[in-house]
Amino acid sequence: MSAFGATDLDLSNRRRERAFRGLFGAMTALLILPVILILGMLVWKGHSVFSLEFFLAHPRNGMTEGGILPALVGTLYLVAVALFASVPLGVAAAIYLSEYAPDNLLTRLINLAIINLAGVPSIVHALFGVGAFVLFFDFGTSILAASLTLAVMTLPVVIVATRESLQAVPQAFREASWSLGATRWQTIRRIVLPNSVSGILTGVILEVSRTVGETAPIMFTGATFYVAFLPMSVFDQTMAMSYHLYTITTQVPGVPEALPFAVALTLIAIVLLLNSVSIAFRMVLRGKKKW
Amino acid sequence: MVEVERDTAVSKLEVEGLTIRYGETVALKDVSLDVRPNEILGIIGPANSGKTSFLRAINRMDEMTDGMHVSGRIALDGTDVRRWRNVYALRRRIGVVFPLPVGLPLSIFDNVALSPRLRGVHDRASLEEIVERCLTRAALWDEVKDRLHSLGSLLSGGQQQRLTIARALSQEPDLLLLDEFSIAVDPVTTMRIEDILKELREEMTIILVTNLVQQARRLADRTAFFLKGDLVEVGPTEDLFMRRVRDRRTTDYLEGRFG
Ligand SMILES: Nc1ncnc2c1ncn2[C@@H]1O[C@H](COP(=O)(O)OP(=O)(O)OP(=O)(O)O)[C@@H](O)[C@H]1O
Ligand SMILES: [Mg+2]
């Protein structure tokens, strides 16, 4: 018998290998199925509404006709203002925590708090937003209040994503730079940030895609049922895609069946687009090995 | 304790009662020794004997390391390094080469130009002159002169280690610290770097931590033997290797009885 022959053990291992591969494969298929079904249904039921007018017109006739322009613009506005607040703050905090803070109990507590903050349900953020931004700071229900609420909600995720990208830069690079006489800031600017900025961007884009669909944090703080005008300033109220979908499916009578499906599809399309950008980004980066 | 013949006037570096702790762990206990100008001081010793910690204390990297605590006195040219108000200026005078080559993820040119830029040299001609001179001294110029703008972090290990040396030289250091530089480098490159070090001795003082006792024998004027945080002894290299040693533990180590 040669040393290369298959023993009984080998055969049974091979059988088991096949069984598990099959099992895990089936699970994956089971997961993908609902996604395909949902998308398929949205396209099937909603496609008849799509036209240029759908994207460029205001809703008409008690929101049973017309387009979604103010909601689309409102969502972009909300997300942009939210980013404007959360990205600089989040990146700065992450840089502090990763590059400056000593590794002590306090820092670990802060890190723990941030991770837990990311798990707070969005309705709780909504209530915080009402209390803090709408009432205490007296911004009223406005884009500003809603965006800040979104910003608070996304901040922990921005911090965690940024910190992870920073920490992916090997410590040896920092030590080499410091021993050349560089300050911490010089090291961050010349070595650490250039090699983590793409990871940070990827995290931010993913974050945006999550923010786009949020409803709870904006419905009490700045999103409104219907406005005839596009928002002009951050103190205006605005319509938003997610809230619009909620109202036309549950609050307004007589909406044609296809309309909510088309709105939902648009919302998902925005998210998918952002996610693909983020994935493409990562793929380009992975191809560009730097060490 | 070890007797140290002291002559402050001719010491480049004086170390007195140096103790290094990481929390509860004592990495180095009450070490005193002198390094003379333009000598190569070899430091040998088994793993965890505190060799790297010793080097890190000299350029005050303990301040960048959580939990590392240094006490005692280290004087560079007679001035306690802890008293230097500008730690960055101190570090610029001390070149460091690490065990694993660290080509920074910058172009080869920028790797060597980084330190000059940090000290305010920005005009292109001067930078080009420095880069060429340092790469030449590190025996790397001929291999990379046609691709100065490709990434330094993607060079081979041996090339990156010479790049690290070129980068250290761009600091125009008067003290060069090498920590087991040959660990990830082929024997041919090791020999080339050893030749470079022999030349550099004319211009600077070198502390060479090495796990190859023969390397210490080839290069070091004097050699210190560290063991478990103690400086067992320090003396002329030939004395150690010709068995004119005072301590049994040194003989044991040199003859490979532990380590
Ligand atoms: N950053 C650190 N945190 C905690 N302990 C450390 C740290 N660095 C070193 N030590 C400890 O200090 C002691 C001395 O380590 P050091 O790295 O100075 O030894 P070494 O002689 O350089 O060893 P090697 O030959 O393996 O490089 C060891 O016990 C080590 O575990
Ligand atoms: Mg070491």
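Everything below is about the structure printed above this text.
Report follows, based on the coordinates. Numbering of residues begins from 1 in every chain and follows the order in which that chain's sequence is written. Written order determines the labels here, with chains lettered from A and ligands numbered from 1. Totals for whole chains, interfaces and linings use every residue, but because this is a predicted model, local features are given only for residues with pLDDT of at least 70 and side-chain atom pairs only at 80 or more, for both listing and counting. Side-chain numbers here rest on the full set of heavy atoms in the structure, without hydrogens or water.

Examining helix H6 (residues 143-167) of chain A
Helical geometry note: an α-helix holds 3.6 residues per turn, so side chains three or four residues apart project in the same direction. Residues and elements named next belong to chain A. Runs of E in the DSSP output that reach at least two residues are strands. Runs of H or I that reach at least four are helices, and both are numbered from the N terminus. By definition here, a helix of n residues has an expected span of 1.5 Å times n minus one. Relative to the 36 Å expected for 25 residues at 1.5 Å per residue, H6 spans 34 Å between its end C-alpha atoms, a close match to the ideal helical length. Of all the bends in H6, the greatest reaches close to 40 degrees and is centred on Thr-154; the proline Pro-156 follows between one and four positions later. Judged by how many residues are buried, H6 sits mostly within the fold: 20 of 25 residues are covered. Fitting one axis to the seven residues ending at a residue and another to the seven starting there, the bend at that residue is the angle between the two axes. A simple rule labels every residue: compare its accessible area, found with a 1.4 Å probe on the protein chains alone, to the largest value its type can have, and call it buried under 20%, exposed over 50%, or partly exposed in between.

A word on the interface of chain B and chain A
Residue contacts follow a heavy-atom distance rule, with two residues in contact if any of their heavy atoms lie within 4.5 Å. With 26 residues of chain B in contact, the opposing surface of chain A contributes 20 residues. When two parts are brought into contact, each loses some accessible area as probed by a 1.4 Å sphere; the total of that loss over both is the buried area. Here chain B meets chain A over a buried area of about 2,100 Å², counting both sides, of which 67% is carbon and sulfur. Of all residues in chain B, the largest losses of buried area upon contact with chain A belong to B:Met64, B:Pro105 and B:Leu118, amounting jointly to 28% of the total for that side. When a carboxyl oxygen of Asp or Glu is within 4 Å of a side-chain nitrogen of Lys or Arg, the pair counts as a salt bridge. Across the contact surface, chain B and chain A share one salt bridge. B:Arg56 is the salt-bridge partner of A:Glu175, the closest N and O atoms lying 2.7 Å from each other. Here a polar contact is taken to be a pair of N or O atoms separated by no more than 3.5 Å, where protein atoms must pair a possible hydrogen donor with a possible acceptor and residues adjacent in sequence count only if both atoms sit in side chains. Inspection of the region where chain B meets chain A yields three residue pairs in polar contact (both at pLDDT 80 or more). Contributions of two or more residues to the side of chain B that touches chain A are made by helix H2 (87-92), strand E6 (94-97) and helix H3 (108-118) of chain B. Residue contributions to the side of chain B that touches chain A peak at four residues, all from H3(B). Any residue that is not Ala, Val, Leu, Ile, Met, Phe, Trp, Tyr, Cys, Pro, Asp, Glu, Lys or Arg is counted as polar, Gly included; the first ten are nonpolar and the last four charged. Tallied by class, residues from the side of chain B that touches chain A come to 14 nonpolar, five polar and seven charged.

A few points about the site of ligand 1
All names here are of chain B. Lining the immediate surroundings of ligand 1 are Tyr-22, Ala-27, Pro-46, Ala-47, Asn-48, Ser-49, Gly-50, Lys-51, Thr-52, Ser-53, Thr-65 and Glu-180. Within the contact set of ligand 1, an oxygen atom lies 2.7 Å away from a side-chain nitrogen or oxygen of Lys-51. Contacts to ligand 1 include Thr-52, whose side-chain N or O atom sits 2.6 Å from an oxygen atom. Using a 1.4 Å probe, accessible areas were evaluated by the Shrake-Rupley method; residue-level cover was limited to the displayed protein chains. If ligand 1 stood free it would expose 640 Å²; the protein chains cover 63% of that surface. For the shell around ligand 1, the element with the most residues is helix H1 (residues 51-58), which contributes three residues. Along the lines of polarity and charge, the residues of the shell around ligand 1 split into four nonpolar, six polar and two charged. Near is defined per residue: the residue qualifies when any heavy atom it owns lies within 4 Å of the molecule or strand.

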